Amino acid sequence: MIEVLRRVVVRFVTVVCPPPARADDTIREFDQFLAALRPAARRALRAMLVAVDQGARLYPRARGRRFARLDDGTADAYLRALLARSGLVQRLKSVVVMCYYELPEAKREIGYEPGPYIAEVSRRRLERYGDELR
Amino acid sequence: MTIIQAADIANDQHAECGAVVVGTGAGGATMAAELARAGIDVVMIEEGGYHTTGTFTAESVRALRTLYRDGGGGMTLGWPSVLFAEGRCVGGSTVVNGGMSWRTPARVLARWAEEADAVTERDMDPYFEDVESRLHVALQDPETIGRDSELLKAGADVLGWQIVPNRRNQLHCAGTNNCNNGCPTGAKQSMLVTHVPRALAAGARLYTDCRVVKITGSGVLARFATGQKLTVRARVIVVAAGAIQTPALLRRSGIGSPSGQLGRNLAMHPNANVIAFFDEEVTGWHGVHQAFQVREFMSDGIIVTANNLAPPMLAAMMPAHGRELGELMAGYNHVVTAGPLIEDDGTGRVRTVPGAGPQVFYRLTDRDAARILRGVELTAEVMFAAGARRVLLPFDGVPPALTLREVKGVLARPVPKRSMRLYSIHLMGTARMSRDPRRGVVNSFGEFHGRPGLFVTDASVFPTPTGLNPMETIVALALRNARHLVERRHQYGV
């Protein structure tokens, strides 16, 4: 991701993700997700990030600053205003928080640890029905 | 067993065969297996990768990247924009669906026969029986039913609503709740573990990571993800790329339908999710994905289900961000996500936009919007009846509701269509079948009108939405089409 966009994404991540935002790891997931999209969708997402960044200049409380340069409170207020109006920004937010909750630490914090559960029920299945499954 | 993946090849490839099958989902894999077992030389081409059971994990975003088209983030153009997901891997959407397996309802088949002169219940019954036997369609073992499903049932029982256990294509499903990321035990009888290996065992060849660019006069032209070309000469071409990609492929190949129906009539079964919070710990990721369906309102085009969502998916749906999102997600193990699936009126269209590829245009009709609102209210009602303390509704700008009365209050005011957060995983109808070439794109055996030897075998051919999970219908139609073709194989020179 080019550096200018990265600064926008870092700002976006720190506003939309729960604290701690784990920006580096979330952005790594986000980059991988972008890579799976078709080029047109990638271009659209990047264009939207630029629009979010530059659009802040028109937001009165931003006093002409880009989104990437806003303080936490102003960035949050600006994004809240955008989310209320734009389905596309909502989708962008959805992708970013989705990437955040893909992180093992974020999952663990909310009590979601499927690995041991899957191992246990898979073992039980083999124990009970192994003869039929072979 | 011949699987040729993009990583295995260095040069352009050429193949000759009796039948080339584009897509390895419910329709394509079934057709390929049947033709191969009849001794026909078959080549399968799959745009996605070959991912085996052992590679499936509970990492949802990884699954979106590797098993779905465009990360599962297709969006319709129109108000509201509906999020839709298509599988893109060997086995297609059967790898990532919930494994619900239902026959086409009799009233839907009656409508297909009457309106489209397509197939009847009598035509289809033997094929349904065959599908159910091959794919082990059965009720779930009781020990695998999770608390979220039990709560849906408890709510429906309190209200006296009809609720049925799901029939699923599974062989002693373990209840890992990982259907949408690929079944990690292989219990789900997806095409990946059934008809694809069956086709390969009968001699079919499979090319993966390879996108069919166009249908030519003598076969298909495709391109691997690594850039090499694949040219296949075939006497029979079977297109089974799903209701979005199938019409797009036919159109970019210069193939039109005199009926004017190619790419039209897209139905999507729009879904909406109500997020219900309970005092008790639900741990909805323990137990099978979607054990029941509320059928009380099916005649009105509404079914209600509970489907646990993994944290990334639930977070994506939450109407909050930052600290507030964190607070909501902290209650993850107390949540049931449930919602209506709507039998829609089918007003979508697939068109290819230069530079952007196939695009889906979809307009939610007033009648469908009313069904969504009613379905959301019914879902909230059943959740409160089960003991929910509050619900989040799938509409922008609406506060959480603590009682059914508050939900009714929200719904009593106009809810703009554009505020509805809808999604779809059932895409149907863009190459509808009819015996009459003026009304349908393909005949009742999936053969393109006016193009002998070109078949379509996926949910594109549905004349109307099924109102239920469509996989069994697709497989049954593919079996029927395959047997028809095999019986007339000499006519096609295969």
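Structure's up top.
We now turn to the structure provided with this report. Quick caveat: nothing in here was measured; it's all calculated off a predicted structure.

The subject of this paragraph is the interface of chain B and chain A. When the parts of a complex come together, some accessible area is lost, and that lost area is often used as the size of the interface. Each partner contributes residues to the interface: chain B has 37 residues there, and chain A has 38 residues. For the side of chain B that touches chain A, the elements supplying multiple residues, two or more each, are helix H2 (60–67), helix H8 (311–317) and helix H9 (322–329) of chain B. Here the side of chain B that touches chain A is composed, by residue class, of 17 nonpolar, 16 polar and four charged.

All names here are of chain B. Within the secondary structure, Arg235 sits in strand S12 (residues 229–239). In the structure, Arg235 is positioned 44 residues away from Asp279 in sequence and 62 Å away in space, judged by C-alpha atoms. Apart from the residues within four sequence positions on either side, Arg235 is in contact with Gly18, Gly453, Tyr492, Gly493 and Val494.

With that settled, the discussion passes to the sheet that holds strand S20 (residues 423–424) of chain B. Residues and elements named next belong to chain B. A sheet is described by the order of its strands in space; here three strands give the open sequence S4-S5-S20, paired in mixed fashion. Across the chains shown, the open sheet's two edge strands, defined by having one partner strand only, are strand S4 (74–75) and S20. Inspection of the sheet shows strand S5 (residues 83–84) paired to S20 by two bridges, in the parallel sense. Looking across to S20, one finds that Leu83 is bridged to Tyr423.

With that out of the way, let us pick up the packing of helix H5 (residues 147–159) of chain B against helix H10 (residues 366–385) of chain B. Residue and element names in this part refer to chain B. Two elements in contact, H5 and H10, have axes whose closest approach is 7 Å; the angle formed by their N-to-C orientations is 95°. Put simply, H5 runs roughly perpendicular to H10. Across the interface between the two elements, Leu152, Gly155, Ala156, Val158 and Leu159 of H5 pack against Glu381, Val382, Met383 and Ala385 of H10. Looking at the contact of H5 with H10, its residues break down into seven nonpolar, one polar and one charged.

Reading guide: rules and limits
- Residues numbered from 1 in each chain as written.
- Chains lettered and ligands numbered in written order.
- Predicted model: local features only at pLDDT ≥ 70, side-chain atom pairs only at ≥ 80, totals over all residues.
- Contact = placed C-beta atoms within 7 Å.
- Helix = DSSP H or I, 4+ residues; strand = E, 2+ residues; numbered from the N terminus.
- Nonpolar A, V, L, I, M, F, W, Y, C, P; charged D, E, K, R; others polar.
- Pairing = 2+ DSSP bridges.
- Axes fitted to C-alpha atoms, helices over the stretch in contact; angles between N-to-C directions.
- Parallel < 35°, antiparallel > 145°, perpendicular 65-115°, else oblique.

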